[in-house]
Amino acid sequence: MKFFVDTANVEEIRELMETGLLDGVTTNPSLVAQSGQEFTKTIAEICSITDAPVSAEVAATETEAMIEEGTYLASIAPNVVVKLPLTFDGLRACAHFSRINIKTNLTLCFSANQALLAAKSGATYVSPFIGRVDDINIDGIELIRDIRAIFDNYAFETKILAASIRSVNHVSQSAVAGADVATIPPTVIRKLAHHPLTDKGLKQFVEDWKSTGQTII
Ligand code: G3P
């Protein structure tokens, strides 16, 4: 499963890219608002750090305006993926971008039917929001499983991008359920490597090594 980082914070992206763990970046209007930075400049800056896919979301809600904004966003760098809401207007804009080979990410997906429509419109990625589905007492991971089964049944090429990831368990469960990508907040990425038994074992190794009085170099 690929890892994207879900943030508009350029410094976080730069730091996490150095780990070699990241395969892409997603942003959304809420994350841009949190960063306090100018949107299109931020996208250009992120694209100067990485050639990996960078999702940039349109602000418009009607097809023609989405196409206009998406075309502009795609002109910023070749790795920009135009992020569109999963509405009928968004699907029409998606079909347009798909015809001219501009990559898309259909966001705010909460049902298997919506994912099916995204795939039929030629979306590159569809983003089921598993945390927000869990928030209303429906199993977000079950949604990933259903979408995986549908896409496999009909050999759709649209990639399942598990979004609204809130915990380390969401990451492993998304991988088990067959998501192609998970977009993960930086705080959760940092927690993935942590295990108390690793810390305990390492402490012991350090103490035992010291007791040998040896050095490697
Ligand atoms: O990728 C979408 C994500 O940013 C939404 O996450 O936690 O606001 O539901 P959340």
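Above this text sits the structure in question.
Just so we're clear, the structure is a prediction, and the values are computed from it rather than from any experiment.

1. Remarks on the pairing of strand β4 (residues 80–85)
Then step 1. In terms of burial, β4 is a largely internal element, 6 of the 6 residues being buried.
Then step 2. Judged by which residues are buried, β4 turns out to be covered on both faces: Val 80, Val 82 and Leu 84 on one side and Val 81, Lys 83 and Pro 85 on the other are all buried.
Then step 3. Sheet topology note: the strand β3 (residues 54–57)/β4 ladder contains 4 bridges and is parallel. Bridge pairing in β4 places Val 54 opposite Val 80.

2. Here we look at the environment of Gly 213
Then step 1. Inspection of the secondary structure assignment puts Gly 213 in the segment after α11 (196–212).
Then step 2. On the basis of relative accessibility, which here comes to 66%, the residue Gly 213 falls in the exposed class.

3. A few points about the packing of helix α8 (residues 140–153) against helix α9 (residues 168–177)
Then step 1. Running from amino to carboxyl end, α8 crosses α9 at an angle of 25°, the nearest separation of the two axes being 9 Å. As the angle between them shows, α8 and α9 are arranged roughly parallel. Taken as a pair, α8 and α9 cross one another with a handedness that is right-handed. Every residue of α9 that contacts α8 at Ile 141, Ile 144, Arg 145 and Arg 148 is listed here: His 170, Gln 173, Ser 174 and Ala 177.
Then step 2. A per-class count over the contact of α8 with α9 returns 3 nonpolar, 3 polar and 2 charged.

4. Side note on helix α1 (residues 10–17)
Then step 1. Inspection of α1 places Val 10, Ile 13, Leu 16 and Met 17 among the buried residues, and these make up the whole buried set. Down the axis, α1 shows its buried residues gathered within 135° of arc, on one side only.
Then step 2. For α1, the secondary structure elements touched by its buried residues are β1 (2–6), β2 (24–26), α3 (39–49) and α10 (186–192).
Then step 3. Its side-chain oxygen placed 3.0 Å from the backbone nitrogen of Glu 11, Asn 9 serves as the N-cap of α1.

5. Things to note about the site of the ligand
Then step 1. As a matter of local geometry, the ligand sits amid Asp 6, Asn 28, Phe 129, Arg 132, Ala 163, Ser 164, Arg 166 and Thr 183.
Then step 2. One of the side-chain nitrogen or oxygen atoms of Arg 132 is found 2.6 Å away from an oxygen atom of the ligand.
Then step 3. Here the ligand, which alone exposes 310 Å², has 79% of that area covered by the protein.
Then step 4. Taken atom by atom, the bulk of the ligand overlaps the largest pocket.
Then step 5. Looking at the shell around the ligand residue by residue, the class counts come to 2 nonpolar, 3 polar and 3 charged.

6. Things to note about unusual backbone geometry
Then step 1. Even without being a glycine, Ala 155 presents a positive backbone phi close to 50°.
Then step 2. For Ala 155, the location among the structural elements is in the loop between α8 and β7 (159–162).
Then step 3. At Ser 164, a residue that is not glycine, the phi angle is positive and equals roughly 55°.
Then step 4. Positionally, Ser 164 belongs in the loop between β7 and α9.

7. Remarks on the nonpolar core
Then step 1. Leu 84, Leu 106, Val 126, Ile 147, Phe 151, Ile 165 and Ile 184 are the most contacted members of the largest nonpolar core, which has 55 residues in total.
Then step 2. Broken down by element, the residue count for this core peaks at 6 residues, all from α8.
Then step 3. Aside from chain neighbours lying at most four places away, what touches Phe 151 is Ala 115, Leu 116, Ala 119, Val 126, Phe 156, Thr 158 and Ile 160.
Then step 4. Grouped together as the second largest cluster of nonpolar side chains are 5 residues, Val 81, Tyr 125, Leu 161 and Val 181 included.

8. Let's talk about the sheet that holds β2
Then step 1. Strands sit in the order β1-β2-β3-β4-β5-β6-β7-β8 around a closed barrel of 8 strands; the barrel is parallel. Averaged over all neighbouring strand pairs, the angle between strand axes comes to 30°, with direction disregarded.
Then step 2. As defined by bridge partners, β1 adjoins β2 across 3 bridges and the pair is classed as parallel. In the strand pairing of β2, Asp 6 is matched with Thr 26.
Then step 3. Along the sheet, helix α4 (residues 63–76) contacts β3 and β4; its crossing angle with β4, the most-contacted strand, is approximately 160°.

About the criteria used
- Residues numbered from 1 in each chain as written.
- Predicted model: local features only at pLDDT ≥ 70, side-chain atom pairs only at ≥ 80, totals over all residues.
- Heavy atoms only, no water.
- Buried < 20%, exposed > 50% of the residue type's maximum accessible area, 1.4 Å probe, protein only.
- Helix = DSSP H or I, 4+ residues; strand = E, 2+ residues; numbered from the N terminus.
- Pairing = 2+ DSSP bridges.
- Axes fitted to C-alpha atoms, helices over the stretch in contact; angles between N-to-C directions.
- Parallel < 35°, antiparallel > 145°, perpendicular 65-115°, else oblique.
- Left-handed = near helix turned anticlockwise from the far one by under 90°.
- Contact = heavy atoms within 4.5 Å.
- Nonpolar A, V, L, I, M, F, W, Y, C, P; charged D, E, K, R; others polar.
- Arc of directions from axis to C-beta.
- Polar contact = N/O pair within 3.5 Å; in protein donor to acceptor, adjacent residues only side chain to side chain.
- Near = heavy atom within 4 Å.
- Areas by Shrake-Rupley, 256 points an atom, 1.4 Å probe, with all protein chains shown as cover.
- 1 Å grid on protein atoms, 1.4 Å probe; cavity = no way out; pocket = protein on both sides within 12 Å on 5 of 7 lines; lining within 4 Å.
- Sits in = over half its atoms within 2 Å of the grid points.
- Core = buried A, V, L, I, M, F, W, Y, C linked by side-chain atoms within 4.5 Å.

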